[in-house]
Amino acid sequence: MITQQTIQQITNRIDIVEIIGEFVKLKKRGVNYLGNCPFHNEKSPSFTVSPAKEIYKCFGCGKSGNAIGFIMEHEKYSYAEALKWIAARYNIEIEETETSPEVKQQQQLAESLFILNAFAQKHLSDNLTKTEEGKSVALTYLKHRGFREEIIEKFQLGYNLEAKDDLTRALLQNQFNIDYAQKAGLVVSRNDMVMDNYRGRIIFPIHNQSGKIIGFGARLIKSNDKAPKYINTPENDIYVKSKILYGTYFARQAINKYDECLLVEGYTDVISLHQAGIENVVASGGTSLTVEQLRLIRKHTNNLTIIYDGDGAGVKAALRGLDLALEEGLNVKLVLIPDNEDPDSYVKKIGAASFREFIEANKKDFILFQLEVMLKDAGNETAKRSAVVNHIAETLSKFNKAEDFTKQQDYIRQCASILKIDEGGLTTLVNKYKREKITKEENRQTKEPSPVQEIPDNNIESTDATSLLADDEFQERDLLRVLLEYGLLQWDEERTMAEYIFEELDHYHIENTELDNLLAVYKDYYYKGLRPSSKTLLYHDDAGIRKLAINLSVQKYELSPNWDSKMEGMNINNRDISRQDVLMSLNYFKLRKIKKMFDENQRDIEKANTFEEQLDLIKIHKVLKDEEQKITGLLGTVIFK
Ligand SMILES: [Zn+2]
């Protein structure tokens, strides 16, 4: 964890134009800077950087954020990594906080699991090569499958004896904690009896980047209908399936050397290819790839070649989720192994040299391959063909790095020609998908209910309330916007705008929990004398607050160059603009709230049981009506002043 002081130092030092300028060529336009968006492909610039607000916003695709967010997005960094990048840029020394007791405990647990796994691996490897059962059952089997001794040793393969508790006893004798052994998946507890989990199975240790064993794959030797062929370590503190690619530890140097990573399905595919001298290979375990796995590959190379069996399921699994690889900027190629073969059997059949040649000769471009498969499925049906166009446009919209845009344009050209459609039209469609995706992301980031928000009861009343709630949101957001923007200016001789707004808000309630939370944070800062503004809140610890602060200050007209000149033309001084903005926002907010109370009151009147009750409610009705009229009047004078 980076200390608060360091973060403060970093955020004080940030010059957003300088930072974004490292990646985007920016030109000054009025008070803002303009450039070609690095997140979508465009010919005329709509990517705007506001040094005053310390934010960027693209009016083409809708992406927006602060300098830290830009680095996170552009370089695919975490928050901490982005801070470190900026710190290095400005020669700021990073101070990190001491690890908390919880983190320490976690590290200790992880360390224990590593030690346990290392012990188990040694024991299970000895079982394979030094016991009668291991030699006659497992080793014979592996040799029969064509694995030589040195490769078995290199991958540290092992064997778990058939006996119920061979490994369990060894662990106990060496004083290992059995609860941890269970967490590591080495033993299981059945009817209060602890026993070995991988009985009668060949063991494939799974290594992390530095060669430590994080888990195991265990394959049954004798076919057995009751048990699955493979079982794996359950998810634990060190074994996180979505972050693992089998074989990365052994493959990393070869991947660097060949600048290519081959991806296969199974453990034995990896080992066979290694044995044949093809070492730049890892396995996914047959599921679609995750972002973490793709990033693991991208650390070493941008070129990913997927080798799959000819059967349909393998191809479909390979295609699924590969759009993610494009987003990560990887060049993806596909190679199909002939029917009834897998990489393991095929390399044994034709030998290493021919296998390499086969891969080189049969590489298909992922995008064009996908298009080919879909077009074949669609045949001559117009509806299906237009679905293909949409699908391919969506795929092509996944390119999101400026250096990939030439590639994207090439693909658009090729796909348009294959589809026999207009290239310009396809470009427009691609950009439409890009915009939609970003809008969706931005909405999700701001609208995601915070964990403290109560889940409404599942009845009609509350559904009604939820929709009403959503209706208020626009006014609530706008009120927070003016608060962030003008709060520190003077309202009159005695009060700041913020104090005026707080007073006026006294009888009203912000219903959106996130906005209400932001108001609370603002008040807290304000009364502590921390002079809150959209700028200070841009760097708040809480990602939700940050995002909200950014979103509130990127309303289109504020950044658009036309707005300033329009205001200049109207010849109003700044104080008038801010007062007017605050008044209008506040009054529209109140009007909206009053309208809501009005509706609620109306419903109560209809439901009232006694005449007295009804009379009281009618009085309220009158008060609300008066208030509404007063505000409408005020708004009139403000608007037409
Ligand atoms: Zn853009």
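The model shown is predicted, which means the values in this text are computed figures rather than measured ones. Sequence order as written defines the numbering, with residues in each chain counted from 1. Totals for whole chains, interfaces and linings use every residue, but because this is a predicted model, local features are given only for residues with pLDDT of at least 70 and side-chain atom pairs only at 80 or more, for both listing and counting. Excluded from the side-chain calculations are hydrogens and water; all other atoms, namely the structure's heavy atoms, are used.

### Digging into the overall build of the protein
And then number 1: What counts as a helix is a DSSP run of H or I of at least four residues, what counts as a strand is a run of E of at least two, and both are numbered from the N terminus. Within the protein one finds 29 helices and 16 strands.
And then number 2: A 1.4 Å probe rolled over the protein chains alone gives each residue an accessible area, and that area as a share of the maximum for its type sets the label: buried under 20%, exposed over 50%, partly exposed in between. Per-residue burial over the protein gives 48% buried out of 641 residues.
And then number 3: By the convention used here, residues are in contact when the closest approach between their heavy atoms is within 4.5 Å. The long-range fraction of contacts in the protein, counting pairs at least 24 apart against all pairs at least 6 apart in sequence, stands at 66%.
And then number 4: Note on areas: Shrake-Rupley, 1.4 Å probe, and residue coverage restricted to the protein chains presented here. For the protein, the accessible surface area stands at approximately 33200 Å², while carbon and sulfur atoms represent 50% of it.

### Side note on the coordination of the zinc ion
For a metal with four tetrahedral donors the ideal donor-metal-donor angle is 109.5 degrees, whereas six octahedral donors ideally subtend 90 or 180 degrees.
And then number 1: Note on donors: an N, O or S atom is included if it sits within 2.8 Å of the metal, or within 3.2 Å for Na, K and Ca, and water is never included, so sites can look incomplete. Coordination of the zinc ion by the protein is provided by Cys-37 (SG), His-40 (ND1), Cys-58 (SG) and Cys-61 (SG), with metal-donor distances spanning 2.1 to 2.3 Å.
And then number 2: Between consecutive donor residues of the zinc ion, the sequence gaps follow C-x2-H-x17-C-x2-C. Separated by 24 residues along the polypeptide, Cys-37 in the loop between strand E2 (32-35) and strand E3 (47-50) and Cys-61 in the loop between strand E4 (55-58) and strand E5 (64-65) bring together distant segments of the chain.

### Some thoughts on the sheet that holds E3
Two modes of strand pairing occur in sheets, parallel and antiparallel, and in both the strands are linked by backbone hydrogen bonds.
And then number 1: Pairing between two strands requires that DSSP report at least two bridges joining them. Pairing is antiparallel across the open sheet formed by five strands, whose spatial order is E1-E2-E3-E4-E5. Each of the sheet's edge strands pairs with one partner strand only, and the pair in question is strand E1 (27-29) and E5.

### A closer look at the sheet that holds strand E10 (residues 213-220)
And then number 1: Ordered in space as E6-E9-E10-E11, the four strands form an open sheet in which the pairing is antiparallel. Of all strands in the sheet, those bounded by a partner on one side alone are strand E6 (158-160) and strand E11 (230-232). Each adjacent strand pair in this sheet contributes to an overall mean axis angle of 30°, direction not counted.
And then number 2: Here the axes come from fitting lines to C-alpha atoms, over the contacting stretch only for helices, and the angles between their N-to-C directions go from 0 to 180 degrees. Those strands touched by helix H11 (residues 267-275) are strand E9 (201-207), E10 and E11, and its axis lies near 75° from that of E9.

### Side note on the nonpolar core
And then number 1: Note on terminology: a nonpolar core comprises buried Ala, Val, Leu, Ile, Met, Phe, Trp, Tyr and Cys residues joined through side-chain atoms within 4.5 Å. Judged by nonpolar contacts, the single largest core of 60 residues is most densely connected at Leu-186, Tyr-246 and Phe-355.
And then number 2: It is helix H5 (residues 101-130) that provides the largest number of residues to this core, a total of eight residues.
And then number 3: Dropping the residues within four chain positions of it, Phe-355 is found in contact with Leu-273, Ile-278, Ile-307, Ile-337, Pro-343, Tyr-346, Val-347 and Ile-350.
And then number 4: Ranked by size, the runner-up nonpolar core spans 42 residues in total, among them Cys-261, Tyr-308, Val-388 and Leu-426.

### With respect to the pairing of E3
And then number 1: With burial as the criterion, each face of E3 is covered, one bearing Phe-47 and Val-49 and the other bearing Thr-48 and Ser-50.
And then number 2: Of the pairings in the sheet, the one linking E2 to E3 comprises three bridges and is antiparallel in character. When the sheet's bridge partners are listed, Gly-35 is paired in E3 with Phe-47.
And then number 3: Alignment of E3 against E4, held across four bridges, turns out to be antiparallel.

### Some remarks on unusual backbone geometry
And then number 1: One non-glycine residue, Asn-191, adopts positive backbone phi at about 45°.
And then number 2: Since its relative accessible area comes to 76%, Asn-191 is described here as exposed.
And then number 3: Residue Asp-192 is not a glycine yet carries a positive backbone phi of 65°.
And then number 4: Residue position: Asp-192 is located in the loop between strand E7 (187-190) and strand E8 (193-196).

### Details of the pattern of salt bridges
And then number 1: We define a salt bridge as a contact between a side-chain nitrogen of Lys or Arg and a carboxyl oxygen of Asp or Glu at a distance within 4 Å. Inspection of every chain in the model, using the stated rule, returns 40 salt bridges.
And then number 2: For Glu-279, the salt bridge is made with Lys-154, and the minimal N-O distance between the two is 3.5 Å. Within this pair, whereas Glu-279 is found in the loop between H11 and strand E13 (281-283), its partner Lys-154 is found in helix H7 (residues 149-154), the two being separated by 125 residues in sequence.
And then number 3: Classification of Glu-279 by relative accessible area gives partly exposed; the value is 31%.

### Here's the deal with the packing of helix H15 (residues 343-350) against helix H16 (residues 352-362)
Two quantities define a packed helix pair, namely the angle between the axes and the distance from one axis to the other.
And then number 1: Close contact between H15 and H16 brings their axes to 6 Å; oriented N to C, the two are set at 120°. Considered as vectors, H15 and H16 are oriented oblique to each other. Regarding H15 and H16, the two cross each other, and that crossing is right-handed. In this structure, H15 contributes Pro-343, Tyr-346, Val-347 and Ile-350 to the contact, and H16 contributes Ala-352, Ser-354, Phe-355 and Phe-358.
And then number 2: Across the contact of H15 with H16, the residue classes break down as seven nonpolar, one polar and no charged. Orientation labels follow simple angle bins: below 35 degrees gives roughly parallel, above 145 gives roughly antiparallel, 65 to 115 gives roughly perpendicular, and whatever is left gives oblique. Take the far helix as your reference; a near helix turned counterclockwise from it by less than a right angle gives a left-handed crossing, and one turned clockwise gives a right-handed crossing. When residues are sorted by character, Ala, Val, Leu, Ile, Met, Phe, Trp, Tyr, Cys and Pro go into the nonpolar class, Asp, Glu, Lys and Arg into the charged class, and all the rest, Gly among them, into the polar class.

### A short note on the side chain of Lys-434
And then number 1: As for its placement among the helices and strands, Lys-434 is situated in helix H20 (residues 423-447).
And then number 2: Here Asp and Glu are counted as negative and Lys and Arg as positive; His is not counted, and neither are the chain ends. No salt bridge is formed by the buried Lys-434; the nearest opposite charge belongs to Glu-327, separated by 7.8 Å.
And then number 3: Setting aside residues no more than four positions away along its own chain, Lys-434 makes contact with Phe-39, His-40, Cys-61, Ser-397, Phe-399 and Asn-400.

### Comments concerning the packing of aromatic side chains
Ring pairs (aromatic) are described by centroid distance and by the angle formed between their planes.
And then number 1: In summary, the pairing rule links any two rings of Phe, Tyr or Trp, Trp by its six-membered ring, whose centres are within 6.5 Å, and it sorts them by plane angle into stacked for under 30 degrees, edge-to-face for over 60 and tilted for everything else. Scanning the entire structure with this criterion turns up 25 aromatic pairs.
And then number 2: For the ring pair Phe-47 and Phe-70, a centre distance of 6.2 Å and an interplane angle of 55° mean the geometry is tilted. One end of the pair, Phe-47, is in strand E3; the other, Phe-70, is in helix H3 (residues 67-75), and 23 residues separate them in sequence. Considered together, Phe-47 and Phe-70 belong to a single accessibility category, that of buried residues.
And then number 3: Three or more aromatic residues joined by ring pairs make a cluster, and in this case those are Phe-155, Phe-204, Tyr-230, Tyr-246, Tyr-249, Phe-250 and Tyr-267.
And then number 4: Above the ring of Phe-147, the side-chain terminus of Lys-348 is found at 4.3 Å from the ring centroid.
And then number 5: A ring has a charge above it when a Lys NZ or an Arg CZ is no more than 6 Å from the ring centre and no more than 35 degrees off the ring normal. Here the guanidinium or amino end of Arg-579 rests over the ring plane of Trp-491, the centre of that ring lying 4.4 Å away.

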